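Structure at a glance
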Amino acid sequence: MNRKNVLGAIALLACFCAKASASAVGDTIVVEEAKKVRIETRDTVQRIVISGSKEDPEFHYVQRISIPDTNAVRRNLTSVKDFNKISLPGKDGKPSQWSVSGHIFFGLDALLNTPDEYGFKLFPSFNFGARILADWRPYGKKNVWSAGIGAAAHIYGMKDKNYLTKVGDMLTPVAFPPEQTDHSSSLLVTSIEVPIMYTHYFDSKAKWGISLGGIVNFNVSATASRTYEYQGEDYNVTAKSIGQNVVTLDALAIIHIPSCPDIYCTYSPTKLFKDGRGPKANQLSFGIYW
């Protein structure tokens, strides 16, 4: 590396660290409390401009460096105060402090606190969905704040003897008639999710960790369906507008485990149905998360 390259690199380092005044010490130019630093990189040329210093507001320094190989340029920013100046990963492969991640999940569902006659069962009740999260790491990779958007579906199966239908405005369980055979019944809820969470990793490689947070659910659709056979014909009947709460809240916990899918659990303290429209049911889900 020639002398100009050395001077430019050390001058840049001095501006960020602000360790001395604008002066010459041997072959090194040191600038204390530079007022403004501008770095321009084009193809094979980099230009560094330093304006002002602690003792001389009129101080002005310009360094032009030829860069035969632009892949040799490395950029690092160590000041936490300046985290918002870097938004993408650098060429050295280090993670940025802002990133976007995608996730999918699949698990089992349960509707808690429902009367026995509704007959909801844990299996085959299940849920699945996907999320996109913006992840913020202001203090290193062990602590992550995340927010995003996603979509989920909850399917609650029922025991074979009853199906759900609207009696007036109330979603009510009714027994299948004896002449209807090969029957089944289920409740489907689809939602748009807005998750917000905090993640802490316990090891330096960010493998073991736990996420805690909440989810705002916008329940855009809910239907009660039943299928059965009658006199050799198959039937599928769906009840819509069944009175679900449009907005519900979930508490969320995710355990991050190395070399295998994560484990999640959500619980909704808010009721799935509006008063007088269905059972006073709370949703519980758990499963695996990628």
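Residues numbered from 1 in each chain as written. Predicted model: local features only at pLDDT ≥ 70, side-chain atom pairs only at ≥ 80, totals over all residues. Heavy atoms only, no water.

Quick word on the sheet that holds strand β4 (residues 45–51)
The strand order β3-β4-β5 describes an open sheet built from three strands, whose pairing is antiparallel. Both outer strands of the open sheet, β3 (36–42) and β5 (60–66), are each paired with one neighbouring strand and no more. Sheet twist, expressed as the average angle between the axes of neighbouring strands with direction ignored, equals 10°. Of the pairings in the sheet, the one linking β3 to β4 comprises seven bridges and is antiparallel in character. Residue pairing for β4: Glu 40 is matched across the bridge by Arg 47. (Pairing = 2+ DSSP bridges. Helix = DSSP H or I, 4+ residues; strand = E, 2+ residues; numbered from the N terminus. Axes fitted to C-alpha atoms, helices over the stretch in contact; angles between N-to-C directions.)

Quick notes on a nonpolar patch on the surface
Together, Val 100, Ile 132, Ile 149, Ile 192, Phe 218, Val 220, Val 246, Val 247 and Leu 249 give the surface a local cluster of nonpolar side chains, amounting to about 810 Å² of exposed area. Secondary structure elements with two or more residues in the nonpolar patch: β12 (209–230) and β14 (247–256). Relative to the helices and strands, Val 246 resides in the loop between β13 (233–239) and β14. Exposure remark for Val 246: the relative accessible area of 47% places this residue in the partly exposed category. (Patch = residues over 30% accessible without salt bridge, like charges linked within 9 Å, V, L, I, M, F, W, Y side chains within 5 Å. Areas by Shrake-Rupley, 256 points an atom, 1.4 Å probe, with all protein chains shown as cover. Salt bridge = Lys/Arg side-chain N within 4 Å of Asp/Glu carboxyl O. Buried < 20%, exposed > 50% of the residue type's maximum accessible area, 1.4 Å probe, protein only.)

Section: the pattern of salt bridges
The tally for this structure, following the rule as stated, stands at two salt bridges. Two residues, Arg 131 and Glu 193, come together in a salt bridge whose shortest N-O distance is 2.7 Å. With a gap of 62 residues between them, Arg 131 in strand β7 (residues 120–136) and Glu 193 in strand β11 (residues 181–201) connect regions that are remote in the sequence. For Arg 131, a relative accessible area of 4% puts it in the buried group. Between Lys 280 and Asp 275 there is a salt bridge; the shortest N-O distance is 3.5 Å. No difference in accessibility class separates Lys 280 from Asp 275, as the two residues are exposed.

A closer look at the side chain of Asp 109
With respect to the helices, strands and loops of the structure, Asp 109 is situated in strand β6 (residues 98–112). Arg 131 provides the closest opposite charge to the buried, unpaired Asp 109, separated from it by 10 Å. Here Asn 127 takes part through its side chain, which lies 3.5 Å from a polar atom of the side chain of Asp 109. When sequence neighbours within four positions are dropped, the list of residues in contact with Asp 109 reads Leu 122, Ser 125, Phe 126, Asn 127, His 154, Ile 155, Tyr 156, Leu 284 and Ser 285. (Lys, Arg positive; Asp, Glu negative; His and termini not counted. Polar contact = N/O pair within 3.5 Å; in protein donor to acceptor, adjacent residues only side chain to side chain. Contact = heavy atoms within 4.5 Å.)

Quick word on the environment of Asp 262
Relative to the assigned elements, Asp 262 resides in strand β15 (residues 262–267). Relative accessible area serves as the criterion here: at 13%, Asp 262 is assigned to the buried category. With 53 residues separating them along the chain, Asp 262 and Gly 209 place their C-alpha atoms 9.6 Å apart. When sequence neighbours within four positions are dropped, the list of residues in contact with Asp 262 reads Ile 254, Ile 255, His 256, Ile 257, Gly 287, Ile 288 and Tyr 289. From its side chain, Asp 262 meets the backbone nitrogen of Ile 257 in a polar contact 3.3 Å long.

Concerning the side chain of Gln 180
Relative to the elements of secondary structure, Gln 180 occurs in the loop between β10 (170–175) and β11. With a relative accessible area of 14%, Gln 180 lands in the buried category. Sequence-distant contacts of Gln 180, that is, excluding residues within four places in its chain, are made with Tyr 228, Glu 229 and Tyr 230.

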